[in-house]
Amino acid sequence: MIKACVIGWPIEHSRSPMIHGYWLRKHRINGSYEKVAVAPEDIESFLSSLGAQGFAGCNVTLPHKEAALRAADNVHAAARSIGAANTLWLSEDGRLEADNTDAYGFMTHLKESAPSLRLQGATAMLLGAGGAARAILYGLQKAGVERIVIANRTEARAAALAEAFDHGLETIAWDKAEGALKDCDLLVNTTSLGMDGQPPLEMSLKTLPKESVVADIVYTPLETPLLAEARARGNACVDGLGMLLHQAVPGFERWFGVRPEVTKELRDLVVADLKVEDG
Ligand SMILES: NC(=O)c1ccc[n+]([C@@H]2O[C@H](COP(=O)([O-])OP(=O)(O)OC[C@H]3O[C@@H](n4cnc5c(N)ncnc54)[C@H](OP(=O)(O)O)[C@@H]3O)[C@@H](O)[C@H]2O)c1
């Protein structure tokens, strides 16, 4: 039996077991995927004994994504550029391999949901400069987006991000972002604003071109106020759930040897679970 898990602190609310459990059943694989709560002081010892505990690998969530990168014997390109790892696996000779699949997840869902968006040469505005923003920046740059404008409440954090990713990045003051929407082909919210329990994102889309695409990586609620406004104006919308589902694909393939698909059935399963929590 092949074993994998997701580690974090806390970990109770992770949807990863539901996603991987669906694929394990669908492909009739003799495997398991569990949640493991790992306290920050235990992360090194947990990862150094991953194989001894019988795991083929794991997903890593907050607050362990940077620690996972440090613990790895081999860091793959996306994880190195993003500065964090979310997917770990043991190679045949027992080395701990680390990658980051968040950019892959976001970009795959973006291309599926907004197929007419031409990324090559596009201008994008990114709201936020946290961990998720780093992953999305990496994905957008790799896809050939020419100009990326970062707006973050804490300007120094946006400036640090722009420096780390060098070419084609600009920053703009948080309160000036709305005024710069008229040039954007793509707007991405990577802040936690609009999430259940968080303040809304106060930004009017009045000047955003109708052909522009609006993506929000918040997925609770699935239709954030930002996406609701964009949809009402006729902009193409990309929700945050697709990123979560697609980022899980490469890890499953590494551990269980089958490349799984993000099906409507899987999405419906997770949406139903999100609704239960909402209610
Ligand atoms: N769909 C997915 O698969 C997926 C994956 C990863 C994350 N997410 C979601 O993305 C969001 C960000 O995650 P993260 O890991 O990047 O978090 P993070 O590193 O803590 O960054 C949070 C970001 O939100 C901004 N922010 C928070 N409160 C704000 C406020 N009141 N006003 C303005 N800006 C505010 C922060 O700005 P400052 O720098 O000024 O604090 C920062 O840019 C979360 O909601 C998370 O659930 C979704």
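Residues numbered from 1 in each chain as written. Predicted model: local features only at pLDDT ≥ 70, side-chain atom pairs only at ≥ 80, totals over all residues. Heavy atoms only, no water.

The chain is annotated in an unreviewed UniProt entry as Shikimate dehydrogenase (NADP(+)) of Methyloligella solikamskensis. As stated in UniProt under Subunit (unreviewed entry), the record for the chain gives "Homodimer." Regarding the chain, the relevant UniProt record gives this comment under Function (unreviewed entry): "Involved in the biosynthesis of the chorismate, which leads to the biosynthesis of aromatic amino acids. Catalyzes the reversible NADPH linked reduction of 3-dehydroshikimate (DHSA) to yield shikimate (SA)." (UniProt positions renumbered as here; feature names shortened; annotations may be inferred.)

Colleague: Quick question: what am I supposed to make of the overall build of the chain here?
Modeller: Per the secondary structure count, the chain includes 11 helices and 12 strands. In terms of overall dimensions, the chain is globule-like: its C-alpha atoms have a radius of gyration of 19 Å, near the 19 Å expected for 279 residues. By principal-axis analysis of the C-alpha atoms, the chain measures approximately 55 × 40 × 35 Å. Burial analysis of the chain (279 residues in total) assigns 54% to the buried set. In the chain, once contacts between residues fewer than 6 apart in sequence are set aside, the share between residues at least 24 apart is 64%. (Helix = DSSP H or I, 4+ residues; strand = E, 2+ residues; numbered from the N terminus. Rg over C-alpha atoms; globule rule 2.2 N^0.38 Å. Buried < 20%, exposed > 50% of the residue type's maximum accessible area, 1.4 Å probe, protein only. Contact = heavy atoms within 4.5 Å.)

Colleague: Sorry if this is basic, but what is going on with the sheet that holds strand E3 (residues 55-60) here?
Modeller: Across a sheet, paired strands are connected by hydrogen bonds in the backbone, their directions being either parallel or antiparallel. An order of E2-E1-E3-E5-E6-E4 is seen for the 6 strands of this open sheet, with the pairing classed as mixed. Each edge of the sheet is formed by a strand with only one pairing partner; in this case those strands are strand E2 (31-37) and strand E4 (74-75). Of the pairings in the sheet, the one linking strand E1 (residues 2-8) to E2 comprises 7 bridges and is parallel in character. Note on E2: the bridge partner recorded for Ile2 is Gly31. Against the sheet, helix H10 (residues 249-256) makes contact with E1, E2, E3 and strand E5 (87-90), and its axis sits at roughly 10° relative to E5, the strand it touches most. (Pairing = 2+ DSSP bridges. Axes fitted to C-alpha atoms, helices over the stretch in contact; angles between N-to-C directions.)

Colleague: I'm lost on the sheet that holds strand E11 (residues 213-216) in this one. Help?
Modeller: The sheet built from 6 strands is open, its strands ordered E9-E8-E7-E10-E11-E12 with parallel pairing. Whereas interior strands pair on both sides, the edge strands pair on one side only; in this sheet they are strand E9 (169-173) and strand E12 (236-238). Strand-to-strand twist across the sheet, computed as the mean angle between neighbouring axes with direction ignored, equals 20°. The pairing of strand E7 (residues 123-127) with strand E8 (residues 147-152) spans 5 bridges and is parallel. Each residue of the ladder has a partner; that of Leu127, found in E8, is Ala151. Helix H6 (residues 131-142) rests against E7, E8, E9 and strand E10 (186-189) of the sheet, and its axis sits at about 175° to E7. Packed on one face of the sheet, helix H8 (residues 225-233) meets E10, E11 and E12 and runs near 160° to E11.

Colleague: Can you walk me through the UniProt feature "domain: Quinate/shikimate 5-dehydrogenase/glutamyl-tRNA reductase" (unreviewed entry) in the chain in this structure?
Modeller: When the UniProt feature table is mapped onto this chain, "domain: Quinate/shikimate 5-dehydrogenase/glutamyl-tRNA reductase" (unreviewed entry) is found at residues 118-192. The distance separating the terminal C-alpha atoms of residues 118-192 is 27 Å; by composition the span is 29% helix and 27% strand.

Colleague: Honestly, the site of the ligand in this entry has me stumped. Any pointers?
Modeller: Around the ligand, the structure places 21 residues, and the nearest of them are Ala132, Asn152, Thr154, Arg157 and Gly240. Note that an oxygen atom of the ligand is positioned 3.0 Å from one of the backbone N or O atoms of Ala129. Leu244 places a main-chain nitrogen or oxygen 3.4 Å from an oxygen atom of the ligand. Coverage of the ligand by the protein chains reaches 77% of its 920 Å² of free accessible surface. Sorting the residues of the shell around the ligand by element identifies H6 and helix H9 (241-247) as the ones contributing at least two each. Split by residue class, the shell around the ligand holds 10 nonpolar, 9 polar and 2 charged. (Near = heavy atom within 4 Å. Polar contact = N/O pair within 3.5 Å; in protein donor to acceptor, adjacent residues only side chain to side chain. Areas by Shrake-Rupley, 256 points an atom, 1.4 Å probe, with all protein chains shown as cover. Nonpolar A, V, L, I, M, F, W, Y, C, P; charged D, E, K, R; others polar.)

Colleague: Looking at this structure, I do not really get the layout of surface pockets. What am I missing?
Modeller: Left-over empty space is what a probe sized like a water molecule reveals as it rolls over the atoms. Of the voids in this model, the second largest pocket is the one considered here, and its volume is about 360 Å³. In this structure, the second largest pocket is lined by 20 residues; those nearest its centre are Ala78, Asp99, Asn100, Thr101 and Tyr104. Listed by contribution, the elements that provide at least two residues to the lining of the second largest pocket are helix H4 (77-82), E5, helix H5 (102-113), H6 and H10. At 5 residues, H5 tops the list of elements feeding residues into the lining of the second largest pocket. Here the lining of the second largest pocket is composed, by residue class, of 8 nonpolar, 6 polar and 6 charged. Two domains each provide a minimum of three residues to the lining of the second largest pocket, namely domain 1 (2-101 + 248-278) and domain 2 (103-242). (1 Å grid on protein atoms, 1.4 Å probe; cavity = no way out; pocket = protein on both sides within 12 Å on 5 of 7 lines; lining within 4 Å. Points joined across faces, edges and corners; volume = space filled by probe spheres on them. Domains from an automatic or database assignment.)

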